[in-house]
Amino acid sequence: GSQVSWNYFARISSVDTSRLKPCSATAMSDDAAMRRHARITGDTDGVVVTGDIYSGRCDDGFWWTAPSCRANTSQCVAYITAGSGWGAEEMMQKYTIWNMPGAVAVAASGGEYT
């Protein structure tokens, strides 16, 4: 029906990725944080393990998507944060545990965030 969150927000694909940091330059590339995400949430599909290093799974290089919308990112609601990814790990856990259709990205600069 019409009472679904993604009907009220712009698609993540509408965000110009030149205004975002690549996941590899954010907290989503923090091994300890991504290990915690996989361990706490059980979302092993939300991380990529290269060798023995964990990073967030960002299929397009910029957005980490929650399990509930990973297969159809047009249903993800954007969460854009600043710095190196302030609050990203927390939001990833919330989106996963509470089955919320969210996507996490980091603004390229403070100016892009504000």
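Up top you'll find the structure we're talking about.
Residues numbered from 1 in each chain as written. Predicted model: local features only at pLDDT ≥ 70, side-chain atom pairs only at ≥ 80, totals over all residues. Heavy atoms only, no water.

Visitor: Just to check I follow, could you spell out the side chain of Thr-26 for this structure?
Guide: Along the polypeptide, Thr-26 turns up in the segment before α1 (31-41). With residues up to four places along the chain from it excluded, the contact list for Thr-26 reads Lys-21, Ser-84 and Val-106. (Helix = DSSP H or I, 4+ residues; strand = E, 2+ residues; numbered from the N terminus. Contact = heavy atoms within 4.5 Å.)

Visitor: How should the environment of Ala-82 be read in this particular structure?
Guide: Positionally, Ala-82 belongs in the loop between β4 (77-81) and α2 (88-97). Residue classification places Ala-82 among the buried positions, given a relative accessible area of 16%. Distance in space between the C-alpha atoms of Ala-82 and Tyr-113 is 6.1 Å, their sequence separation being 31 residues. Not counting the four nearest positions on each side in its chain, Ala-82 is found in contact with Val-106 and Tyr-113. (Buried < 20%, exposed > 50% of the residue type's maximum accessible area, 1.4 Å probe, protein only.)

Visitor: Before we go on, may I ask you to explain a nonpolar patch on the surface in this structure?
Guide: A surface patch of nonpolar side chains, about 410 Å² in accessible area, is lined by Ile-40, Ile-97, Trp-98 and Met-100. Its location among the elements puts Ile-40 in helix α1. Its relative accessible area of 43% is what places Ile-40 among the partly exposed residues. (Patch = residues over 30% accessible without salt bridge, like charges linked within 9 Å, V, L, I, M, F, W, Y side chains within 5 Å. Areas by Shrake-Rupley, 256 points an atom, 1.4 Å probe, with all protein chains shown as cover. Salt bridge = Lys/Arg side-chain N within 4 Å of Asp/Glu carboxyl O.)

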